[in-house]
Amino acid sequence: MGFTLKSVDFLHGVEPFRGENEQEEAESKGAELEQSTAISVETDAGMSLMLEWKMRLSEDSDMCTTCQCPVDFGDRAVILEHYQSLFHRTNTLRKSKNLPVYTEEDFEGIENNYHDLSTSQSTIGLESDDEEFDALLLPANRSFFVKNERVFSVPRNILHVDESDITSDTFLRPFDCAIFLWNGGHFAAAIYENDKITVQRSFHRYVARAKQGGVQSQHDSGGKGAAKSAGAQLRRYNEQKMKEEIQQIMSSWKSRLLKMPLLFIRCAAYHRNIFFEADAGIEPRDPRIRTIPFETKRPNIDEIQECWQKLQQVQEHGTIQEFKTEMMEVREKRKRLARKVAGKKRKDGGMQMICEWSDGEEEGVEREKRTHHIKVRTIRKPEEIVQWPGLDDEWRQKTYNLVRQDNVEALQEHLASLNEDIAPQAIDYLRNAKIPPNRGSFLHVSASHASKNCLKYFLDTVECDSGSKDGGGLPPYSSSANSEIKAIFVDYRVRNEGAGNWGRTHIPEPKKKVELTEEQEKEKEDKKREKKQRQKEREKVKKEEARRDAEEMEERQKYVKMTERERRAQAVDRRLAGLPPVMRCHQCGTLLPGTPFQYSHFNFCTTSCVAAHRAANP
């Protein structure tokens, strides 16, 4: 049986659910954090990656505020990839230490050991192999309540600004709100008053490139410059008109929006400022603004009605005891996961990350309520020996640049310039170095940048491992920029078929040449012969058509140049010879159709020829 906010079961006797987790969270709100690296288990580790994204929703920018580099905030996969990258985490740590952040050019090519990231992760689960860790976290976006000893929940963002828990009053009032959906060129909006739509509007404009994704303004800001095609100009115009039309709708609804307790907005991050710039009484920090906690389809009025219904759904979780038992099971699983994570050492820059489970008991002090959270503490390890000490940063950076430029001759001279004592270090560096931001080898770099000469040099001369994996667990072959690079890997496998396990390299087995029997060879030759004969026949037909077209064009030009007297004489000669008359257009000389266009005693093939003849003979 499904429940909603309109269910009469909840009109009386509704009480907020006070489970152990919520009591501990409420008590811990006023307490100071013991360390800046303490992380509550109740906090979704994945949300820490999105913190900066959430903070910049009110900013008119498509730049990462830490790295100062462009990020497509309309694509969640791109956002996660950027905030999980070593480049962003290094800059975040440098910024916290008031150090200048790296640019992408400065960061690219610098060896990982020289990065400032002394704590590879300050949150749990970002690089963990425990895929179920996030799935075990209870949803923090729901508000739980009790009715008749049973636990229920609703989306937390349907509560009004002055409410912290669900009560019976929540079910007694109408679910009044405004919903705005905007995706690409589709926009839909509606206002609900007394559980009915009072005003609504939806429209569509052509602003997104077909099969490309993203509006034209996003493409223009991608660094390649603004496109100059007619379609691009039309998309820019429509995008500007769409923004103006949305602002006009918002302004016309201002009196109603000021009374709305909830405003649900679903759009791309770079579009949110449009709602705040309109004269509608909505500010960037307006506490009434809510996000829609589920996926939505193409914006239209039907989808808005569907969203309004889903926001009112009430989820049932069973009896209080069943729910608490489930919560305890989840807590125990979290403890086991925390202990598992604690056994994994995180090494970076001479630091070791150790995760430990704390029951909230300090030395000599025991709290009344036990608060469970994971703390991350940093232990200084003995200084490790730096790899390849004879190779300075300048030499490494130049090596990386030469590989990207595919200048293998200069690379060999660059290696030959080293002393004999350091040369073995250089070869070992080329074989085993991990290049940020993806921690790939030089084989990965040369394959991804189509540096085919350097790739052959690394495979044949340096003898790099073709099965080495990057940070994403992919071998160099999977980073190939094009089919030519893949062919180099395949040729390398052919020459070294017995070298080892080729399965880990992902290099496919070369296609084997099939030996044909005499009958199959004869059949293959016959097919080739037939194909060649058909090609000759087609060419012969084309030549014949071209000859006839040339003769027809010659006749047309000859006819056009004739005077009226010569044309009449030609017609008489053909009649005396017993030949049918040749009916041609008096303007262009084309053979006339069955029903020509006529005026006076002239015949024409089209109305255009009629107009041209009249203009030339007024």
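Throughout this document, residue positions are counted from 1 along each chain, in the order its sequence is written. Note on the predicted model: pLDDT of at least 70 is required for a residue's local features to be given, and 80 or more for side-chain atom pairs to be given and counted; whole-chain, interface and lining totals, by contrast, use all residues. Side-chain calculation: all heavy atoms of the structure are included, whereas hydrogens and water are not.

If you look the protein up in an unreviewed UniProt entry, it shows as VLRF1 domain-containing protein from Caenorhabditis brenneri. UniProt positions are given in the numbering used here, feature names are shortened, and annotations may be inferred rather than shown by experiment. The UniProt entry for the protein carries this comment under Sequence similarities (unreviewed entry): "Belongs to the ANKZF1/VMS1 family." Under the UniProt heading Subcellular location (unreviewed entry), the entry covering the protein gives this text: "Cytoplasm".

J.: Would you mind showing me how to read the pairing of strand β7 (residues 186-193) here?
T.: Successive side chains on a regular strand alternate, one facing one side of the sheet and the next facing the other. Relative accessibility decides the category of a residue: with a 1.4 Å probe and only protein chains considered, values under 20% of the type maximum give buried, values over 50% give exposed, and everything between is partly exposed. We count a stretch as a helix when DSSP gives it H or I for four or more residues in a row; a strand needs E for two or more, and each element gets its number in order from the N terminus. Burial of β7 is extensive: seven of the eight residues sit out of reach of the surface. Pairing of β7 with strand β8 (residues 196-204) involves eight bridges; the strand directions are antiparallel. Within β8, the residue paired with F187 across the bridge is F203. Strand pairing follows a simple DSSP-based rule, namely that at least 2 bridges must link the two strands. Taking the residues between adjacent antiparallel strands as the criterion, β7 and β8 are bridged by two residues, where N194 takes a positive phi near 55 degrees.

J.: What exactly am I supposed to notice about helix α9 (residues 230-252) here?
T.: Since one α-helical turn is 3.6 residues long, residues separated by three or four positions face the same way. One less than the number of residues in a helix, times 1.5 Å, gives the span that helix is expected to have. Taking 1.5 Å per residue as the helical rise, α9 with its 23 residues ought to reach 33 Å, and the 33 Å between its terminal C-alpha atoms agrees with that figure. Looking only at α9, the buried set comprises A232, R235, N238, E239, M242, E245, I246, I249 and M250.

J.: How do you make sense of the state of the cysteines when you look at a structure like this?
T.: Note on terminology: a disulfide is the covalent bond linking the sulfur atoms of two cysteines. When two cysteine sulfur atoms lie within 2.5 Å, the pair is treated as a disulfide. This model, assessed by the stated rule, comprises zero disulfides. With no disulfide of its own, C69 has C67 as its nearest cysteine by sulfur position, at a separation of 4.9 Å. Taking relative accessible area as the criterion, C69 reaches 4% and is therefore assigned buried.

J.: Just to check I follow, could you spell out the sheet that holds β8 for this structure?
T.: Strand pairs in the sheet, formed through backbone hydrogen bonds, run parallel or antiparallel to each other. On the basis of which strands lie adjacent, the open sheet formed by five strands has the order β8-β7-β6-β9-β10 and mixed pairing. With partners counted over all chains shown, the strands left at the sheet margins are β8 and β10 (289-290), one partner each. Examined bridge by bridge, strand β6 (residues 177-183) and strand β9 (residues 263-266) share four bridges and lie parallel to one another. Looking at β9, one finds that L181 is bridged to R266. In what follows, residue pairs with any heavy atoms lying within 4.5 Å of each other are defined as contacts. Working convention: axes come from line fits to C-alpha atoms, limited for helices to the stretch in contact. Angles between N-to-C directions cover 0 to 180 degrees. The sheet contacts of α9 involve β6, β7 and β8, and relative to β8 the element is tilted by about 170 degrees. Packed on one face of the sheet, helix α12 (residues 301-311) meets β6, β7, β8 and β9 and runs near 50 degrees to β7.

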